[in-house]
Amino acid sequence: MEENLKELIAKAIHEIDLSLNLKELEKLRVKYLGKKGLITDLKKNIAKLPKEEKPQAGKLINQASVKIEEALEDKTKAIREKLLEEKIEEEKIDVTAHFDRKTSGHLALINQTLEDLEAIFQNMGFDVVEGPEIDTVKNVFDDLNSPADHPARSTSDTFYITHNVLLRPHTSSMQIRVMNEGKLPIKMVSAGRVFRNDEVDATHSPMFHQLECLVVDENVSMANLKATLETFIKEMFGDDIKLRYRPHHFPFTEPSLEVDATCPICKGKGCPACGNTGWSMELLGGGMVHPNVLEACGIDSEKYTGFAFGLGVDRIAMVKYGLDDIRLLYDNDKRFLEQF
Ligand code: FA5
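In what follows, the accompanying structure is described.

Rules of the game
- Residues numbered from 1 in each chain as written.
- Predicted model: local features only at pLDDT ≥ 70, side-chain atom pairs only at ≥ 80, totals over all residues.
- Heavy atoms only, no water.
- Pairing = 2+ DSSP bridges.
- Helix = DSSP H or I, 4+ residues; strand = E, 2+ residues; numbered from the N terminus.
- Near = heavy atom within 4 Å.
- Polar contact = N/O pair within 3.5 Å; in protein donor to acceptor, adjacent residues only side chain to side chain.
- Areas by Shrake-Rupley, 256 points an atom, 1.4 Å probe, with all protein chains shown as cover.
- Nonpolar A, V, L, I, M, F, W, Y, C, P; charged D, E, K, R; others polar.
- Salt bridge = Lys/Arg side-chain N within 4 Å of Asp/Glu carboxyl O.
- Buried < 20%, exposed > 50% of the residue type's maximum accessible area, 1.4 Å probe, protein only.
- Disulfide = S-S within 2.5 Å.

Our focus in this paragraph is the sheet that holds strand E6 (residues 243–250). What holds strands together in a sheet is hydrogen bonding between their backbones, with the strands either parallel or antiparallel. Spatially, E1-E4-E5-E9-E8-E7-E6 is the arrangement adopted by the seven strands of the open sheet, whose pairing is mixed. Looking along the sheet, the strands with just one partner apiece sit at the ends: strand E1 (127–128) and E6. Note that strand E5 (residues 207–217) and strand E9 (residues 305–312) share eight bridges and pair antiparallel. Of the residues in E9, the one forming a bridge with Leu214 is Ala308.

Here we come to the site of the ligand. Every one of the 26 residues lining the ligand counts as a neighbour, but His170, Ser172, Arg196, Asp198 and Glu282 are closest to it. Interatomic distance of 3.0 Å between a backbone N/O atom of Ser205 and a nitrogen atom of the ligand. Leu284 places a main-chain nitrogen or oxygen 3.2 Å from an oxygen atom of the ligand. Contact with the protein chains hides 94% of the accessible area of the ligand, taken as 680 Å² for the molecule alone. For the shell around the ligand, the secondary structure elements donating two or more residues are E5, strand E7 (253–262), strand E8 (279–289) and E9. Residues of the shell around the ligand, tallied by class, amount to eight nonpolar, twelve polar and six charged.

As enumerated under the stated definition, the model contains 17 salt bridges in all. Across the salt bridge formed by Arg246 and Glu258, the nearest N and O atoms sit 3.1 Å from each other. With Arg246 in strand E6 and Glu258 in strand E7, this pair connects stretches of sequence that are twelve residues apart. Look at Arg246 and you get partly exposed, because its relative accessible area is 25%. Given the relative accessible area of 8%, Glu258 is considered buried. Residues joined by salt bridges that share partners form a network here, namely Arg244, Arg246, Glu258 and Asp260.

With that out of the way, let us pick up the state of the cysteines. Per the stated rule, a full pass over the model turns up zero disulfides. For Cys274, which is in no disulfide, the shortest distance to another cysteine sulfur is to Cys266 and amounts to 3.7 Å. Cys213 supplies the cysteine sulfur nearest to Cys297, a cysteine that is in no disulfide, at a spacing of 16 Å.

Okay, here's the thing in structure tokens:
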């Protein structure tokens, strides 16, 4: 009997070893240890043995049962571990693996510049006002003291929609809109797109952006205009950029001036980009609001004075980012845009 049991144990262990999954193992458990299993049958048969053989037979069968049970347990454990390893391997995240990174975009340089400008003026206590890109001849020219024969009014310079309605060629029409609201004092900026029949070159575009600034109050002087400009330029560019004021003529300001900035490339020392002058392109036009303009909007020009200026936003962006051509702002070349 002992020999038979040894053979049975060896066979069971061999079969357990060969089993590949928990299902096969369960079948083997039933085959050997189940209710009708081979070991269970042997246990049942002990009763039929002669009395003196019973204890020894019982002991051997029990030992065989324990051995098979242990083998089943070990194999079950091994299969479970293997399954777990396979699962971990399957779900492992390879942090070094390449994947398509989604690079986040950013505002176009013009919009960044507009936001910077508005934030600076807001911090200086200015209201930010929005207005339409299509406006009336009255707001764009008439009430801005621009005579009917002024060249800017000609159809070759300005995009008319009807006889009296046009794409605004400057943001100065916002001066009229805000003054007509009748609230004083006024301290506002208003930025947006403007349109002119200008030839495209390094510093001109037919569609560009301006920021209009208007202050109307008692005792406003040219000194206030200058202080506002100097503060704004310092906030925008730091100490590197200086301003140059040149006398000019605008129908809606008196006196009028134009303002240039030091060349952003050489910082005023003189270089090929600025023709060795140290000064870059014109940045803005401005001056003291003409009394005729105040009166056209119902404001007493004996009591109130004001200053106004119109900044070329694209050119501010050019100085800020050191660009030598305005077209870079509109080409949408990713190689350029990704640099900022
Ligand atoms: C005006 O448009 C006046 N309305 C400015 C003003 C406002 C004067 C308030 C007095 C009081 P000007 O045409 O010079 O002025 O344009 C103002 C600025 O816009 C220029 O200094 C320049 O920076 C910018 N600019 C003018 N034309 C173009 C263009 N075609 N492309 C890009 N920027 C331009």
